[in-house]
Amino acid sequence: METTKPRPPRPEESGNPKRSKNPNSRGSQPKQGGSPANGGRSVSRGAAIRAQRRSQDDAQKIANKYLPSASKTSDKPKRAPMIDDGPQVKIIALGGQDSGGSKNMIIMEYLNDAIIMDCGNDLGVDLPGINYGIADTTYLETIRHKLKAYVITHGHLDHIGGLPHILPKFPAPVYGSRFTIGRVEEIFQNFGLPQPDGFELKTVVMNEDNHERLKIGEFFVELVRITHSIPGSTCIVVDTPVGRIINTGDFRLDPNPLDHEKTDTERLIELGNEGVLALLSESTTTERPGRTPSESTIEQSFVDIMNQAPGRIFIGLFSTNMNRVQMIINAAVQNGRKVAMDGRSMVSTLEMAVRLGFAKIPKGTFVPIAAVGTMKDEEVVVVCTGSQGEPNSALQRMSNGEHRHVKLKEQDTVILASTPIPYSGNDALVRSMVDDLYRKGVHVFRHETREIDGCGPLHVSGHASIDEYKDMIDFTKPKFFMPIYGDFTAKRQHIEIAVEQGIPRKNTLNFDNGDVVALTANHLQIIGEVPHGIILVDQTGMIVNNVVVKDRLMLAEEGLVAVILTVDRKTGALLTSPDIISRGFIYMRDSEDLMNEFRAELRRAVGQRFKRIDLDRFKQEIKEHVTHFLYDKTGRSPIVIPVVNVIGGKPEGKSPNGRRKAAPASNAAPEPSPEAAVADQQKRFQEMRARLLGTDQPD
């Protein structure tokens, strides 16, 4: 994922020095001097307008990376036209084929039937005010009559987080393992927005242990147990009229998971021996050699730290990793400590896991987080969210001293039982949180520094390494191979692994979001493209338009200046001094000379222009004039919003050339008394000004 970064200052047109900023103020200071040949300006109006357009283009380029229904022109080599009159299955990814695998969502179509495999969100979107992204569903509008089911591999948000937004618009039953369906129901219960009238969540729990096969339209669907970092993870096996297709979901081949729910390799081998047409295999960590260690290898590390820690222990980890939560609870009980849980997602997921039998908690183990401050230090372990340094998470609030019930102190111990998520950019957040923890004198144990910290491993990945990716190919023996859930480079490496395992390169395909892949018994080919992209969602769950995102980026980069002008309709003169509001541009109290010059320039511009042109054109010219003036004085191009309040006289019409003309006398409305007119004008002006300025006082 690419993050939003401030662009470096640009060399501008000849005669315009580079932007300079005063580090001792909250904004740029005015430049000095000017050329008399250009009205005292060092740059032309055209240069200023072009500079603002470049700023707009910069913001648009960043926003365009998150466009809905973005079409693309593929630069990959085209294959020869498919010559095959037999039946075909279409496979279309609306998400998951870039950015390390996010908003995962794959459609499988055959004639008049379609199923959706996974429906996730993207938590790695780095834009102002954006919480996450979901897949654009424009294409689903065209196949809503075909849609028969959502089949989910597992309960992580990048696989189910899009459901509350998408499922109500395109309803169909949701199929998954018992734990996965529990997670789906949980996110709908916790979703903050009301669902459409008449919508009802319909779920179907499938048994991944007895090879249950359900008929969904023309498809037969089976779930096969596989290990990952969340209970209930499964492969999706779909028998189609063309052949068998397997979606592995996210996986690792853990030989000794804590819950003893090992990957059902026997069934995968059996399916491979029966014949697999195509394998869609996740590709998150295809560049990591060897094998991923077992989750059981870290259990002793928690026991050892608890035996040695002198005070309270706080452990940050992913809220859905119930196996790790279970081993921490086991270690706490063994050490004679009580356990407090903190973080809404942590508590909600654990409650669901206990209710469904996926977590076993000895009676009397839990205490409320509010009780931690009253307990002896050596009696308590706090398990909480925030291992990724997420703002407002429980551990983050503890680190910066904002937690309601817990104040960290020296001799406390913090364990980060995870590593930053790849592609997410969380490294800096985690580092900053660790800084805050160390400032408080807290002992911190991290997996990355375990040798320095003197502890055992604290985290294992939920994803396979190269040898396990090879095993999956060997188990299933597919005819065709398509890597999924990863960026292009990771998927390319996965294809090299597949070729090394004996799959012909011509039978592999690195396809992108939006590609329409046609699969027959003998051919695999991209035959088209559908609308695809990303829909942005804010903290409340509401959809955010791309235009709003562009404006936010512009505001973050250049700031905003609002100019409020009150003009006498008859004379064209300003009735009051111009009100100027600056946000994110300059601090006006530190730029008094510039503000005085700015107001004088506005008076001159109004006097020259107002009587000559119609109001709309006047606003546009004022906007361009202000843009030119500010760019000349500061080298910056903020968003400019002119507000013109016209007072006095009768409304005027427009002549064909755009100039004002007086309305016919016969149509004139009765004149109010002078006192009433003045009072009304002043009242309207004060109300308008109050709305615009709010609590801010103009300088």
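Everything discussed here concerns the structure shown above.
> Even after reading the chapter, I still don't get the pairing of strand β20 (residues 515-519), so can you show me in this structure?
Consecutive side chains along a regular strand alternate between the two faces of the sheet. Most of β20 is tucked away: 5 of the 5 residues are buried. Alternating positions in β20 separate into two faces, Asp 515, Val 517 and Leu 519 on one and Val 516 and Ala 518 on the other, with burial throughout. Note: strand β1 (residues 89-95) against β20, 4 bridges, orientation antiparallel. Residue pairing across strands places Val 89 opposite Leu 519, the latter belonging to β20. Two strands pair when backbone bridges link them, and β20 and strand β21 (residues 524-529) are joined in this way by 5 bridges, in the antiparallel orientation. Residue Asp 515 lies in a different strand from β21, and its bridge partner there is Glu 529. Connecting β20 to the antiparallel partner β21 that follows it, the hairpin turn spans 4 residues.

> Explain the packing of helix α6 (residues 265-274) against helix α13 (residues 466-476) to me, please; I cannot follow it from the model alone.
For any two helices packed against each other, the geometry comes down to the angle between their axes and how far apart the axes lie. α13 packs onto α6 with a crossing angle of 50 degrees between their chain directions and a minimal axis gap of 6 Å. As the angle between them shows, α6 and α13 are arranged oblique. Here Thr 265, Leu 268, Ile 269 and Gly 272 of α6 lie close against α13, whose contacting residues are Met 472, Phe 475 and Thr 476. Among the residues making up the contact of α6 with α13, the classes are represented as 4 nonpolar, 3 polar and no charged.

> Explain the side chain of Thr 234 to me, please; I cannot follow it from the model alone.
Examined against the element boundaries, Thr 234 turns out to sit in strand β11 (residues 234-239). Discounting chain neighbours no more than four positions away, the residues touching Thr 234 are Ile 152, Thr 153, Ser 177, Glu 208, Leu 223, Val 224, Arg 225, Ile 226, Thr 248 and Gly 249.

> What is the right way to look at the sheet that holds strand β2 (residues 105-110) in this model?
Note on sheets: strands pair through backbone hydrogen bonds, and any given pair is parallel or antiparallel. The 8 strands lie next to each other as β8-β7-β6-β3-β2-β1-β20-β21, forming an open sheet whose pairing is mixed. The open sheet terminates on both sides in strands that have one partner only, identified here as β8 (203-205) and β21. Taking the axes of each pair of neighbouring strands and ignoring which way they run, one obtains an average angle of 25 degrees across the sheet.

> Teacher, can you tell me more about the packing of aromatic side chains here?
How two aromatic rings sit relative to each other is set out by the distance from centre to centre and by the angle between their planes. Within this structure, the stated rule accounts for 5 aromatic pairs. Between the aromatic rings of Phe 251 and Tyr 469, the centroid separation amounts to 5.6 Å while the plane-to-plane angle is 85 degrees, which identifies the pairing as edge-to-face. A residue pair is termed long-range when its members are at least 10 positions apart, and Phe 251 in the loop between β12 (244-247) and α6 and Tyr 469 in helix α13 qualify at 218 residues. With respect to burial, Phe 251 and Tyr 469 carry one shared label: buried. Arranged with centres 5.2 Å apart and planes meeting at 20 degrees, the rings of Phe 598 and Phe 629 form a pair that is stacked. Of this pair, Phe 598 sits in helix α16 (residues 592-609) while Phe 629 is found in helix α17 (residues 615-634), placing the two residues 31 residues apart along the sequence. Here Phe 598 falls in the buried class, since its relative accessible area comes to 2%.

Thresholds, definitions, all that
Residues numbered from 1 in each chain as written. Predicted model: local features only at pLDDT ≥ 70, side-chain atom pairs only at ≥ 80, totals over all residues. Heavy atoms only, no water. Buried < 20%, exposed > 50% of the residue type's maximum accessible area, 1.4 Å probe, protein only. Helix = DSSP H or I, 4+ residues; strand = E, 2+ residues; numbered from the N terminus. Pairing = 2+ DSSP bridges. Axes fitted to C-alpha atoms, helices over the stretch in contact; angles between N-to-C directions. Parallel < 35°, antiparallel > 145°, perpendicular 65-115°, else oblique. Contact = heavy atoms within 4.5 Å. Nonpolar A, V, L, I, M, F, W, Y, C, P; charged D, E, K, R; others polar. Phe/Tyr/Trp six-rings, centres within 6.5 Å; stacked < 30°, edge-to-face > 60°.

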